[in-house]
Amino acid sequence: MNEYTVRVDGMECQGCERVIRSRLTDLPGVTDVVPDADTGEVRVYADPTRDRIRETIVDAGYDPST
């Protein structure tokens, strides 16, 4: 299990947090998602690669910057 922290540009409210949490939680192997609009970061505990997590965030309409 890996822990990833990804900076997400455009995640600015609780609605954004819900969208990102929902999309990432749907990925197989994801066990927990902790988005924080105040810091603009999301922590993901998962087996999928960082690239797959980033692709999912882009598909949700946001820009992962790291």
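Preceding this section is the structure that the text describes.
Quick caveat: nothing in here was measured; it's all calculated off a predicted structure.

As a further point, take the environment of Tyr 45. As for its placement among the helices and strands, Tyr 45 is situated in strand β3 (residues 41-46). Linking Tyr 45 and Thr 31, residues 14 residues apart in sequence, is a C-alpha distance of 5.6 Å. Excluding its chain neighbours within four sequence positions, the residues that come into contact with Tyr 45 are Met 1, Asn 2, Glu 3, Gly 29, Val 30, Thr 31, Asp 32 and Val 34. Side chain to side chain, Tyr 45 and Arg 43 meet in a polar contact 3.0 Å long.

Our next topic: the nonpolar core. By size, the foremost hydrophobic cluster in this structure holds 18 residues, and its most contacted members are Val 8, Leu 24, Val 42, Ile 53 and Ile 57. Elements with a contribution of two residues or more to this core: β1 (2-9), α1 (14-25), β2 (30-36), β3 and α2 (50-59). Leaving out residues up to four positions away in the same chain, Leu 24 has contacts with Val 30, Val 33, Val 42, Val 44, Ile 53, Thr 56 and Ile 57.

Residues of α2 that are buried include every one of Ile 53, Thr 56 and Ile 57, and no others. End-on, the buried residues of α2 take up no more than an arc of 100 degrees, which puts them together on one face. Of the residues in α2, the exposed ones pointing more than 90 degrees away from the buried face are Asp 51 and Asp 59. Buried-residue contacts for α2 involve β1, α1, β3 and β4 (63-64).

Tallying each qualifying case throughout the model produces one salt bridge. A salt bridge links Glu 55 to Arg 52, with the shortest nitrogen-to-oxygen separation between them at 3.3 Å. Of this pair, Glu 55 and Arg 52 both sit in helix α2, three residues apart, roughly one helical turn. Judged by its relative accessible area of 42%, Glu 55 is partly exposed.

Sheet topology places β2 next to β3; six bridges connect them, and they run antiparallel. The residue of β3 that forms the bridge with Pro 35 is Val 42.

Another aspect to go through is the side chain of Glu 17. Structurally, Glu 17 can be placed in helix α1. It turns out Glu 17 is buried and unbridged, and the closest side chain with the opposite charge, Arg 21, is 4.7 Å from it. When residues no more than four places from it in sequence are discounted, the contact partners of Glu 17 are Met 11, Pro 35, Asp 36 and Ala 37.

About the thresholds
- Residues numbered from 1 in each chain as written.
- Predicted model: local features only at pLDDT ≥ 70, side-chain atom pairs only at ≥ 80, totals over all residues.
- Heavy atoms only, no water.
- Helix = DSSP H or I, 4+ residues; strand = E, 2+ residues; numbered from the N terminus.
- Contact = heavy atoms within 4.5 Å.
- Polar contact = N/O pair within 3.5 Å; in protein donor to acceptor, adjacent residues only side chain to side chain.
- Core = buried A, V, L, I, M, F, W, Y, C linked by side-chain atoms within 4.5 Å.
- Buried < 20%, exposed > 50% of the residue type's maximum accessible area, 1.4 Å probe, protein only.
- Arc of directions from axis to C-beta.
- Salt bridge = Lys/Arg side-chain N within 4 Å of Asp/Glu carboxyl O.
- Pairing = 2+ DSSP bridges.
- Lys, Arg positive; Asp, Glu negative; His and termini not counted.

In short, shape yes, function no, at least from these values alone.
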